[in-house]
Amino acid sequence: AATAPGKKITARLKRTLPVRGPQAPTLSELMRWYCLNTNTHGCRRIVVSRGRLRRLLWILLTLSAVGLILWQCAELLMNYYSASVSVTVQFQKLPFPAVTICNINPYKYSAMKEYLSELDKETKKALETFYGFSEGKSKVRRSVEDWNSTGSEFFQQIPLLKVEDFSRTATELHSGQKRRVEGSVFHKDSSIVNSGDSNDIIGFQLCDANNSSECALYTFSSGVNAIQEWYKLHYMNIMAQIPLETKEKLSYSADDLILTCFFDGLSCDKRHFTRFHHPLHGNCYTFNSGDNGTILSTSTGGSEYGLHVVLYIDEADYNPFLVTSTGAKIIVHDQNEYPFIEDIGTEIETAAATSIGMHFTRSRKLSKPYSDCTETGADIPVENLYNKSYSLQICLHSCFQKAMVDSCGCAQYAQPLPPGAEYCNYKRNPNWMYCYYRLHEKFVKEQLGCQQICKDACSFKEWALTTSIAQWPSVVSEDWMLRVLSWDKGQKLNKKLNKTDLANLMVFYKDLNERFISENPANTLVILLSNFGGQLGLWMSCSVVCVIEIVEVFLIDSLSIVLRRQWQRAKKWWSHRQRGRAGKAAQGSDLERQGHDNPSPVSMDEDLPTFTTALRLPLPQDSPLPRTPPPNYSTLRLDTAFSEQLPDTLELGQH
Amino acid sequence: MKLKKYLVRALHRLQKGPGYTYKELLVWYCDNTNTHGPKRIIKEGPKKKFIWFFLTLLFASLVFWQWGILINTYLSYNVTSSLSIGFKTMKFPAVTVCNANPFKYSEVKPLLKELDRLIEAALERILQPENSSDTVSPPLDLELWNQIPLVLIDEHDKDNPIILDIFETNQTAGGNETGMDSESRKKYKLAVKLCSHQGSDNCTYRNFSSAAQAVTEWYVLQSTSILSKVPLHDRIRMGYQAEDMILACLYGAEPCNYKNFTQIYHPDHGNCYIFNWGMDEEALNSSNPGAEFGLKLILDISQQDYIPYLSSAAGARLMLHQQKSFPFLKDQGIYAMAGTETSIGVLVDELERMGYPYSDCTMNGSDVPVKNLYSQYNTSYSIQACLRSCFQNHMVEICGCGHYMFPLPEGVNYCNNEDYPGWAYCYSSLRSSIKQRQICIDSCKETCNDTQYKMTISMADWPSEASEDWIFHILSYERDMSTNVTLDRNGIIKLNIYFQEYNYRTISESAATTIVWLLSSLGGQFGFWMGGSVLCLVEFGEIIIDSLWITIIHLISWCKGLQQRRARARYPDVPPTVSELVEAHTNLGFQHEAGLGGPGAQELPPEPGTPPPNYDSLRVQPLDTLSPDSDTD
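Residues numbered from 1 in each chain as written. Chains lettered and ligands numbered in written order. Predicted model: local features only at pLDDT ≥ 70, side-chain atom pairs only at ≥ 80, totals over all residues. Heavy atoms only, no water.

(A) Seen up close, the packing of helix α17 (residues 544-582) of chain A against helix α3 (residues 36-43) of chain B. Interaxial distance between α17(A) and α3(B) falls to 9 Å at its minimum, and their mutual angle equals 40 degrees. One element, α17(A), and the other, α3(B), form an angle in the oblique class. Residues A:V545, A:C546, A:E549 and A:E552 of α17(A) lie in contact with α3(B), whose contacting residues are B:H36, B:G37 and B:R40. Here the residues of the contact of α17(A) with α3(B) are counted per class, giving 2 nonpolar, 2 polar and 3 charged. (Axes fitted to C-alpha atoms, helices over the stretch in contact; angles between N-to-C directions. Helix = DSSP H or I, 4+ residues; strand = E, 2+ residues; numbered from the N terminus. Parallel < 35°, antiparallel > 145°, perpendicular 65-115°, else oblique. Contact = heavy atoms within 4.5 Å. Nonpolar A, V, L, I, M, F, W, Y, C, P; charged D, E, K, R; others polar.)

Spelled out as C-alpha cells, the structure:
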C-alpha cells in the first residue's frame, strides 16, 4: 500500500513528460545512432565505411580533426586579449600646452643672505682648507673656534671629511683631527674604481643619532660634487624651516622674470602666467595653466604664432654653490600634469634665442586585461600628494615621501607634504639625513616596492621638442635691442641690461598634426565566435548545434544509460541478496517491477531495458504496430537501409 | 498555352518535392536543409521539438545580430597600422640653408635709409626724452612715418588712456616725462596705429607689452611696404649669393660646391639654397649611417651686414624636407648658431595612410578647394602650402593686394603703402580673424603620405681656439682671394647632417577589414551557430520561391472558386454534393480544371502523377483550411 502512490506519481510523470531520446538501449547502439544522425561529417563516415582499414582511417581523421579544432580554438582563446595599435593623424586646431618657466637659480642670493651666510662661510672655509690654504691651518682653526662660539652645532654634525682610502682614516675639516672611519663606505661616483692613487677623496659621514656606531661614509671622486651635495643637504635643512610665503617673496616675481611676452601674434603679459612654487627651483611661472578656466589654442603653426618670451636672468644674483649653470629651465606639459622640472626640464641658454618646435602625440593604452596600466590612478594604493592628475612620476615621488614619513618621521623637502607631516630639519629630526640616504638607496635599488606598486598611466600626451639655438641679439641689433628692453624693464637709462642676463625663447607648434596612437582590442567577441565557427566548419562542418548534440548524446544520454545499467545491476545484486535470504517473495516483486518498466515485450536478454526504452514504445524496426508509415523520402530510407545493411556486412568481414 | 504548360510542370515539381501546402513545404525544408537546427525540430519528440524550435530561432537571431555587427565594422573602414624601423638606403633629404637675415644691409641701405633714421629718432625720443633737442640735421620723412605711426599710450589712467604721437606731441608730452621716475615710466606703452585709410578715424592700436616687439613689428610692416615695390631680380641681387654664403661643402667623400645648390627666393629669408632638391637631377642616396657619410657644410652668414631692426636673432636657418617640396622655414626650420659646429642626426619618420574612405587625407592635393599658389615653384602639395595659399587668396579678396610673404596669384600686386594705404590695417585684422583661420583649416587637408625628419641636434664650439687662425685664413683666401682674414667667429657656421643608425621609422596603414575578411567572418558566424553556408541561403531562397508558388496556386484556385460561384449564381444549379466538394478540395487544381472543361482541357494528357503523400496530417490539412469556404457554399 505504501508503494502504490509513489508508483502512481512516477507513472504520471512518465505520461506527462515523455522523454524520447535516441532509440538505443546500449551505449554502442547510442553511438551508432549518434554517428548516423549527427550533423558533423566525420562520425558518419566511421559507421558507414566498410573495411577495417578504411574505418580506422576515418577514426584517425576524425580524431585529428577534433584535435586540430581544440588546438586552434585554444590558440584563438589565448590570443583573445591582444591589442592592435592604430595611428591616426589629424590636422586640427590644437590646444596649446602649459609651458612652465623657471630660473635655474631658485632664490635671489642677495635676499637669501641672512639665512645662508653661515653656511656659505662654512663652505668657503672648507674650500680654503682642502684646496686653497692648506698651510694656514692655525688661521682656520681659530676661525672655526669663533664660529663654534656662535652656536651652530648643526654644521659640525655633518662635517666634510678628507678620506685616506687605504688607511680608512678621515681628516675632519674643522679640527683637523683624524678619525677612524667605521661602517660602510658609499661611493657616490662611479669613477671610484681608478681613484685608488689619489688619497684625498672628499666626502661626508652620516651617522644614526641614536646609535653612533652605525655610520655611512659618502665619498666623491671630485670635490666639486662633494661640496655641492654637502651644500645641498644643509641648504635643504635651512629652507625647510622657512615658511612658504617668505620663500615666495625671496624668489623672483613674474615681472622680474618675464620681460616681454607674445602669443599667437598678440601681446600678452604677466596675467597670463600662473605662479607655481617649486621647492628646488623657487618661483616658476606657468603660461596657459588653465587655472582661469580657459585653455588657449593655436590654429596656425610656425614660429610667429607660438609663445615668444624674453626672460630676464639676473646672473649676478645667483647662488654660487647651489647652482653652477646660468639660464632658465622650461618644461612643456599638459594642464593637468605636474611639471617635474627638476627631472625633465629643458635648459635655456642666455644671450641666445632658443626656438623649440613641438610635435604633439597623444597615446592611449588599453587597461586591464590587455595591459597593466591605470586610467585614473584610483586603483593604486599610494595617495597622490600632488593635486594633479596621476602619472607614474607622481606615484613614485608620493610613494617615496610616504616611506620617508613612515620611517624617518618627517617629509623630504623636495616633495609635497603629506597631511600631518612636516619637512625635515636638524632641530626636530637630527637623524633625518642618515635616514634619508638609507631610504633613498633602498628606493633606487627597488627595495621599497614603489616601482612594483606604481603603474604607468593609460593615456598620456607628449610634446616632442626640437630645440635649436641662434645667437641673440645679433651684433648689429644688440645696441638698440638692449636699450629698448631696458626701457621696458623701467630701469635707469644709464644702466643698460647685459645680454648675458637675457634669454629669448620661442615655443611653437611645428605643425598642427595631432598624432594619436591608440591600442584597440584586436578581437571582439563577434570575431572570436566567427573564428570558432570557421574552425569548426572547416575541419568537421560542425556548429553550436553539433556541440549541443554532443552534450546531449555523450553527457546526458550515455550517462543516463550507464546510470540505468548501474541501477539495474545494483537492484539485481540486491534482489539476489534478498533472494538468498528471504527466497521467493523478493523475486516476485522484482519481476513485477521489471514488467512495469517494460510494457512492451522487448527485454529478452541480460541487456536490461534502458530508461528510454523503458518509457518508449517498442523500437520502430521491430514494431509491427499499425501506425502511420514512415515518410517515404528517399534520404530517410537510405539511412535505414544502411543501418540495416551494415552490421551484416561487418560481421561478414569479421568472420 | 506555353505558360500553362510551364505552370503545370512547376506544379509537378512542387508535388514531388516540397508538397502543396505551406506546412508540407516547411516540413520538407526542415528535413532536407543543410542547416543544422531545423532537422532536429522535425526529428525530435514534442518536448524536444519545442526546445529545438526555440534554439533554432535563438541561433538564427544571433546570427543576424552578429552579421549586423560585422557589416557595421566593415563599413567603419578601420585600418591597422604597422610600424617598421631600421636602416636602409634612403634618399638623403633636401637641405635648405638660409641666412636669418634676408638682405645684405649694405645693399638695401639706400632703400631703408629713411626708415632707419625715423626709427632711430623715434627711439631717441622714447628713451631719452630729456635731451630731445633736435640734433637731426636732415629733416625726417614724416610722410613715411604717418602712414603707419608708432604711438605712446599713457596708461596712468586705466580708463581713458592718452595717446601720444611721438613726433607731433613731444613738446607737451615730453615735458611731463622728464620728471618721472622709472616706476611710472612703465605705464607707457608703445603701440602701432593702423588706420583703414590715411587720415580716417577708423583706426586700431596694436598694443604691445614690450617696446622691443612694437619696434620690430612696425619695422617689418614698413620695410615690407618698401621692399614689395622692388622687382624680384633686384631682391635676389640684394640677398646673399651662393658663392659668398656656402664656403665649403662635402657630401660623403665627394666634394661639392655652391653650384650643387638650387637657389630659391624665400620672402622671409631672402636667398635660400637647397641641396639635393631633386628638381632637375636624381636625388642622392645615402647608404651609410654616421657623420662621415653625411653632408658637411661651412657657411658664412656675415653678421656685420645684418639689417639691425629686422631680425634680432643671428644664425643660419636650415630645414630638412622632402624632395620637390617647398621649405616652410618658419614652421619647421631650425637655427644654427654662429661660431659653432651643429651636428644633426636624422631619422626619417614616414607615415603612409590609406586615402578615402579610410581617412580624410589627400594624395596630391587636387581635391582641395584652395588654389595652390606654391605650384609655381613646381613643388608638391603640402598642408602649409594650402594654408598659406588660402590666406593669400583671402587677402587678395578682401584687401585687394597680395601679402609680400606669400606668392602672388596672377594679375595681383603686392601691397604697399602708396597704392594701398589701408593694407596694414586690413592685413592685421585679417591675421587676427579667427573665422578666416577656421575656414582655411576646414578647407585644407593633410597629405596621406607624410614624411618628417626627426633631428637630434648637438652643438660644439667651432673653430677651436687653436685651429681658428688657419681655418679663417684658408676660408678667406678661398672666398676672396685675399691674404687677410675677412671672416670672424660671428659669421661662420659648420653643419653636419647625417643619418642615424636607424634611419627610418615607417608607420603604414592597411585596411583592417577587407571584403574577404567580411565574407569569412560572416561564414564563420553562420557556421558557428547553425552550421550553414551560402548554399543554405540558396535553399532558403528556393523555399521562398516555392512558397510564392503555393500562394499563386492558392490564389488561382480561390479565383476559380469565385468564378464558379458566380456562374452558379447566374445559372442556379443543383448544389454539389458533399463528396464532390471533398474531392474538389483534396485534389487542388487539376480536377477542377478538367471538370470545368476549359479550352485547354483537351490538350492536357491525363496525368498519371504520383499519388499525393499519404500522411494523415497532410491529408487532414487542406480540409481544415478550406472548410470555412465549403461552409459558405
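Here the narrative resumes.
(B) Local environment of the UniProt feature "transmembrane region" (unreviewed entry) in chain B. Sequence positions flagged by UniProt for "transmembrane region" (unreviewed entry) are, in local numbering, residues 50-75 of chain B. Within residues 50-75 of chain B, the helical portion is 100% and the strand portion 0%, while the C-alpha atoms at the span's ends are 38 Å from each other. (UniProt positions renumbered as here; feature names shortened; annotations may be inferred.)

(C) Seen up close, the packing of aromatic side chains. Per the counting criterion, the structure on display carries 44 aromatic pairs over all chains. With 5.5 Å between their ring centres and 35 degrees between their planes, B:Y219 and B:Y309 make a pair best called tilted. In this pair, B:Y219 is assigned in helix α9 (residues 211-227) and B:Y309 in the loop between β13 (295-300) and β14 (316-321), connecting sequence segments 90 residues apart. One aromatic cluster in this structure is built from A:F96, A:F263, A:F273, A:F287 and A:Y509. Directly above the aromatic system of B:Y335 lies the positively charged group of B:R317, at a separation of 4.4 Å from the ring centroid. (Phe/Tyr/Trp six-rings, centres within 6.5 Å; stacked < 30°, edge-to-face > 60°. Lys NZ or Arg CZ within 6 Å of the ring centre and 35° of its normal.)

(D) Quick peek at the interface of chain B and chain A. Between chain B and chain A, the residue contacts involve 95 residues of the former and 87 residues of the latter. Buried surface at the junction of chain B and chain A, both sides included, amounts to about 7,900 Å², of which 57% is carbon and sulfur. Joining chain B to chain A, the criterion identifies 5 salt bridges. In this structure, A:E304 and B:R431 form a salt bridge, with 3.7 Å as the shortest nitrogen-oxygen distance. The interface formed by chain B and chain A holds 23 residue pairs in polar contact (both at pLDDT 80 or more) in total. It is helix α4 (residues 46-75) of chain B that provides the largest number of residues to the side of chain B that touches chain A, a total of 9 residues. (Buried area = accessible area lost by both parts, 1.4 Å probe. Salt bridge = Lys/Arg side-chain N within 4 Å of Asp/Glu carboxyl O. Polar contact = N/O pair within 3.5 Å; in protein donor to acceptor, adjacent residues only side chain to side chain.)

(E) Focus on the confidence of the model for chain B. Residue and element names in this part refer to chain B. Per-residue confidence for chain B averages 81 on the pLDDT scale, and 82% of its residues sit at or above 70. When pLDDT is averaged over each element of chain B, strand β3 (residues 94-99) comes out on top at 94 and helix α7 (residues 170-178) at the bottom at 40. In the predicted structure, residues 590-604 sits below a pLDDT of 50 and forms 10 contacts with residues beyond four places in sequence or in another chain. Scored below 50 in pLDDT, residues 617-633 makes 11 contacts in the model with residues more than four places away or belonging to other chains. The ipTM for the predicted assembly is 0.78, set against a pTM of 0.76. (pLDDT = per-residue confidence, 0-100.)

(F) Quick look at a nonpolar patch on the surface. Residues and elements named next belong to chain A. Taken together, V547, I550, V551, F554, L555 and I556 make up a surface patch of nonpolar side chains, about 490 Å² in accessible area. Within the secondary structure layout, V547 lies in helix α17. Of the residues examined, V547 reaches a relative accessible area of 38% and is grouped as partly exposed. (Patch = residues over 30% accessible without salt bridge, like charges linked within 9 Å, V, L, I, M, F, W, Y side chains within 5 Å. Areas by Shrake-Rupley, 256 points an atom, 1.4 Å probe, with all protein chains shown as cover. Buried < 20%, exposed > 50% of the residue type's maximum accessible area, 1.4 Å probe, protein only.)

(G) Summary view of the nonpolar core. Core analysis: the largest hydrophobic core is formed by 122 residues, its most contacted members being B:V97, B:W218 and B:L295. The biggest single contributor to this core is helix α5 (residues 105-127) of chain B, with 11 residues. The residues contacting B:V97, other than those within four sequence positions of it, are B:M245, B:F261, B:C272, B:Y273, B:L297, B:L299, B:R317, B:L318 and B:L495. Among the nonpolar cores identified, the runner-up in size contains 55 residues, and A:I158, A:A216, A:F400 and A:Y423 belong to it. (Core = buried A, V, L, I, M, F, W, Y, C linked by side-chain atoms within 4.5 Å.)

(H) Quick look at helix α8 (residues 223-240) of chain A. Its 18 residues give α8(A) an end-to-end C-alpha distance of 26 Å, which sits within 8% of 26 Å, the value for a rise of 1.5 Å per residue. Taken across its 18 residues, α8(A) has 13 buried, putting it largely inside the fold. (Expected span 1.5 Å × (residues − 1).)

(I) Layout of the domain arrangement of chain A. With domains assigned, chain A is organised as domain 1 (24-82 + 527-557), domain 2 (87-106 + 254-371 + 458-520), domain 3 (116-132 + 154-241) and domain 4 (372-457). Once you take the C-alpha centre of each, domain 1 of chain A and domain 2 of chain A turn out to be 68 Å apart. (Domains from an automatic or database assignment.)

(J) Region of the structure containing the pattern of salt bridges. Per the counting criterion, the structure on display carries 37 salt bridges over all chains. Put simply, A:D372 and A:K455 hold a salt bridge, and the shortest N to O gap is 3.6 Å. One end of the pair, A:D372, is in the loop between β18 (352-364) and α12 (392-408); the other, A:K455, is in the loop between α14 (450-453) and β19 (459-471), and 83 residues separate them in sequence. The partly exposed category is assigned to A:D372, whose relative accessible area is 45%. Of the charged contacts, one joins B:D234 and B:R237 as a salt bridge, the two residues approaching to 3.7 Å between their closest N and O atoms. In this pair, B:D234 and B:R237 both sit in helix α10 (residues 232-238), 3 residues apart, roughly one turn of the helix. Connected through salt bridges with shared partners, the residues A:E304, B:D268, B:K330 and B:R431 form a single ionic network.

(K) Spotlight on the state of the cysteines. Residue and element names in this part refer to chain A. The tally for this structure, following the rule as stated, stands at 14 disulfides over all chains. Each sulfur in the disulfide pair C102 and C284 lies 1.9 Å from the other. Disulfide C102-C284: the torsion about the S-S bond is 110 degrees, which places it as right-handed. Of this pair, C102 sits in strand β3 (residues 98-103) while C284 sits in strand β13 (residues 282-287); the two residues are 182 residues apart in sequence, bridging distant segments of the chain. C102 sits in the buried class, given a relative accessible area of 0%. (Disulfide = S-S within 2.5 Å.)

(L) Representation of unusual backbone geometry within the structure. In this structure, the amide linkage connecting A:K368 to the following residue, A:P369, adopts the cis form with an omega of 5 degrees. Tracing the chain through its elements places A:P369 in the loop between β18 and α12. In this structure, B:P357 follows B:Y356 across a cis peptide bond, with omega equal to 0 degrees. Within the secondary structure, B:P357 sits in the loop between β16 (340-352) and α13 (383-399).

(M) View of α9(B). Residues and elements named next belong to chain B. Under the 1.5 Å per step criterion, the end-to-end length of α9 is 24 Å for 17 residues, consistent within 8% with the ideal 24 Å. Of all 17 residues in α9, 15 are buried, a share of seventy percent or more. Where α9 starts, the residue carrying a side-chain oxygen 3.1 Å from the main-chain nitrogen of A212 turns out to be S210.

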